[in-house]
Amino acid sequence: MMQEEQFIALFDSGLGGLSVLRDLRRVLPQHDLQYFADTAFCPYGPRPVAFVQERSLQIARWLIERGARIIVVACNTASSAALELLRAELPVPIVGTEPGLKPAAAATRSGRVGVLATSNTLNGQRFAMLAQRFAHGVEMLTQPCPGLVDAVERGDLASNATRALAESYVEPLLARGVDTLVLGCTHYPFLRPLIAEVAGPDMQIIDTGPAIARQTARVAARHGIAAGAGSLQCWTSGAPCEVAPVLHRLLGEEAPVAHAEV
Ligand code: DGL
């Protein structure tokens, strides 16, 4: 009997979640993946929570109707706004994303951790609960980073303008004795080389992408979601002709990108 198509789906407000997809392919190289970039509505960071919840539900339902067996919310902002809702409403396992406060609290020696994320993530209840749970004796210095998501969406990872923006967010944290930086947005791992250069060689940088990938692999094994051909199909609510070249720049490979009316 033909194996019905079963794939793992990831979505984000734009292309940032490809950083999680990149980590996932390292642990599940033969699983079929589909990625949804909601570029027509990116960025999510400054938008009303209800809007992010509605978009997350619509996208996840659309992916499940197509055959997604797991939904990875490769977006801290959408996870903060919609993870509980998605888990309550949808029939498949949902893997979420959250800033790596726990590993950062364990890693810091100065007791001061900088958290780079979107304003919605930082103002969300999930973040408050995370900080309450893991920030014992550690000062979490939060820094919303408007403009960094847009830079990654343009594929602009190292221009003077993007560097100046990164400096404006990181240097004040350095001045306050931060020795560990959390990349609390899935777009930011693509800026990691730049952020590391600005922060200096002694800064520890925490990216939860690999942990999300490992968790997704555990869920896939638990639910018997088999490997396939290791294919990748990408969707966008925006214009494929604009998304495809940036996807290629970020992933380092070409992948089919089609428009989805969701
Ligand atoms: N990649 C998303 C995150 O992890 C960015 C959300 C946005 O579009 O602002 O929060």
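Our structure's up above, just so we're on the same page.
Since the model is a prediction, treat every value here as computed from it, not as a measurement.

K.L.:
What's the story with the packing of helix α1 (residues 18-27) against helix α11 (residues 240-251) in this structure? I'm lost.
P.N.:
In helix packing, the relevant descriptors are the interaxial angle and the interaxial distance, both defined with respect to the helix axes. Two elements in contact, α1 and α11, have axes separated by 10 Å at closest approach and are oriented at 50°. With respect to each other, α1 and α11 are oriented oblique. Where α1 crosses over α11, the handedness of that crossing is right-handed. For the pair formed by α1 and α11, the contact residues are Leu 18, Leu 21 and Arg 22 on the first element and Leu 247, Leu 250 and Leu 251 on the second.

K.L.:
Honestly, the packing of helix α8 (residues 160-175) against helix α9 (residues 192-199) in this entry has me stumped. Any pointers?
P.N.:
The N-to-C vectors of α8 and α9 enclose an angle of 45°; their axes lie 9 Å apart at closest approach. By the angle class used here, α8 and α9 are oblique. The chirality of how α8 crosses α9 is right-handed. Here Thr 162, Arg 163, Ala 166, Glu 167, Val 170, Glu 171 and Leu 174 of α8 come into contact with α9, specifically with Leu 194, Ile 195, Glu 197, Val 198 and Ala 199. Grouping the constituent residues of the contact of α8 with α9 by class yields seven nonpolar, one polar and four charged.

K.L.:
Would you mind going over the sheet that holds strand β1 (residues 7-12) with me for this structure?
P.N.:
Within a beta sheet, neighbouring strands are joined by backbone hydrogen bonds and run either parallel or antiparallel to one another. In space, the six strands of this open sheet follow the order β4-β3-β1-β2-β9-β10, with parallel pairing throughout. The two strands at the open ends of the sheet, each matched to only one other strand, are β4 (94-95) and β10 (257-259). Bridge count for strand β3 (residues 68-73) against β4 is two bridges, and the pairing is parallel. Of the residues in β4, the one forming a bridge with Ile 71 is Ile 94.

K.L.:
Even after reading the chapter, I still don't get the site of the ligand, so can you show me in this structure?
P.N.:
Residues in close proximity to the ligand total 14 residues, the closest being Ser 13, Tyr 44, Gly 45, Thr 77 and Thr 186. Contact distances for the ligand include 2.5 Å between an oxygen atom and a side-chain N or O atom of Ser 13. A distance of 2.7 Å is found between an oxygen atom of the ligand and a backbone nitrogen or oxygen belonging to Tyr 44. Protein chains shield 99% of the accessible area of the ligand, which is 300 Å² for the free molecule. Looking at the shell around the ligand residue by residue, the class counts come to six nonpolar, seven polar and one charged.

K.L.:
In this structure, what is going on with α1? I would like to understand it.
P.N.:
At 3.6 residues per turn, the α-helix brings residues three or four places apart onto the same side. Those residues of α1 not exposed but buried are Leu 18, Ser 19, Val 20, Leu 21, Asp 23 and Leu 24. Among the structural elements, β1, β2 (33-37), β3, α10 (209-222), β9 (232-236) and α11 are those in contact with the buried residues of α1.

K.L.:
For this particular structure, what's the right way to read the packing of aromatic side chains?
P.N.:
How two aromatic rings sit relative to each other is given by the distance of their centres and the angle of their planes. Counted according to the given criterion, the structure contains three aromatic pairs. Each ring, one from Phe 36 and one from Trp 62, has its centre 5.7 Å from the other, and the planes form 70°; the classification is edge-to-face. Taken together, the residues span a long stretch of sequence, with Phe 36 in strand β2 and Trp 62 in helix α2 (residues 49-66) at a distance of 26 residues. Relative accessible area serves as the criterion here: at 0%, Phe 36 is assigned to the buried category. For the ring pair Trp 62 and Trp 235, a centre distance of 5.0 Å and an interplane angle of 80° mean the geometry is edge-to-face.

K.L.:
Would you take a moment to explain the pattern of salt bridges for this structure?
P.N.:
For side chains bearing opposite charge, pairing can occur when the charged atoms are close. All chains considered together, the criterion is met by eleven salt bridges. Notably, a salt bridge pairs Arg 55 with Asp 38, separated by 2.7 Å at the nearest N-O pair. Of the two residues, Arg 55 sits in helix α2 while Asp 38 sits in the loop between β2 and α2, which places them 17 residues apart along the sequence. Linking Glu 84 and Arg 126 is a salt bridge whose minimum nitrogen-to-oxygen distance equals 2.9 Å. On the criterion of sequence distance, the pair formed by Glu 84 in helix α3 (residues 76-89) and Arg 126 in helix α6 (residues 125-134) is long-range, its members being 42 residues apart. With a relative accessible area of 17%, Arg 126 lands in the buried category. Each of Glu 84, Glu 98 and Arg 126 takes part in one network of salt bridges that share partners.

What counts as what
Positions within a chain are numbered from 1, following the residues in the order the chain's sequence is written. This being a predicted model, a pLDDT of at least 70 is required before a residue's local features are given, and a value of 80 or more before pairs of side-chain atoms are given or counted; all residues contribute to the totals for chains, interfaces and linings. Hydrogen atoms and water are omitted, and side-chain values are computed over all heavy atoms in the structure. Fitted lines through C-alpha atoms serve as axes, helices being fitted only where they are in contact, and the angles separating the N-to-C directions of these axes extend from 0 to 180 degrees. Here a helix means four or more residues in a row that DSSP labels H or I, a strand means two or more in a row labelled E, and each is numbered from the N terminus. Between 65 and 115 degrees an angle is taken as roughly perpendicular, under 35 as roughly parallel, over 145 as roughly antiparallel, and anywhere else as oblique. Take the far helix as your reference; a near helix turned counterclockwise from it by less than a right angle gives a left-handed crossing, and one turned clockwise gives a right-handed crossing. What makes two residues a contact is simply this: any of their non-hydrogen atoms within 4.5 Å. Residue type decides the class: Asp, Glu, Lys and Arg count as charged, Ala, Val, Leu, Ile, Met, Phe, Trp, Tyr, Cys and Pro as nonpolar, and the leftover types, Gly among them, as polar. Strands are treated as partners if at least two bridges between them are detected by DSSP. The criterion for a residue being near a molecule or strand is simple. One of its heavy atoms has to lie within 4 Å of it. N or O atoms closer than or at 3.5 Å make up a polar contact, with two conditions inside protein: a donor-capable atom paired with an acceptor-capable one, and, for residues adjacent in sequence, both atoms drawn from side chains. Residue-level accessible areas treat just the shown protein chains as cover; the underlying method is Shrake-Rupley with a 1.4 Å probe. Burial classes follow relative accessibility: with a 1.4 Å probe on protein chains only, a residue under 20% of its type's maximum area counts as buried, one over 50% as exposed, and anything between as partly exposed. Pairing of aromatic side chains requires ring centres within 6.5 Å, counting the rings of Phe and Tyr and the six-membered ring of Trp. Pairs whose planes differ by under 30 degrees are stacked, by over 60 edge-to-face, and all others tilted. What counts as a salt bridge is simple: a side-chain nitrogen of Lys or Arg found within 4 Å of a carboxyl oxygen of Asp or Glu.

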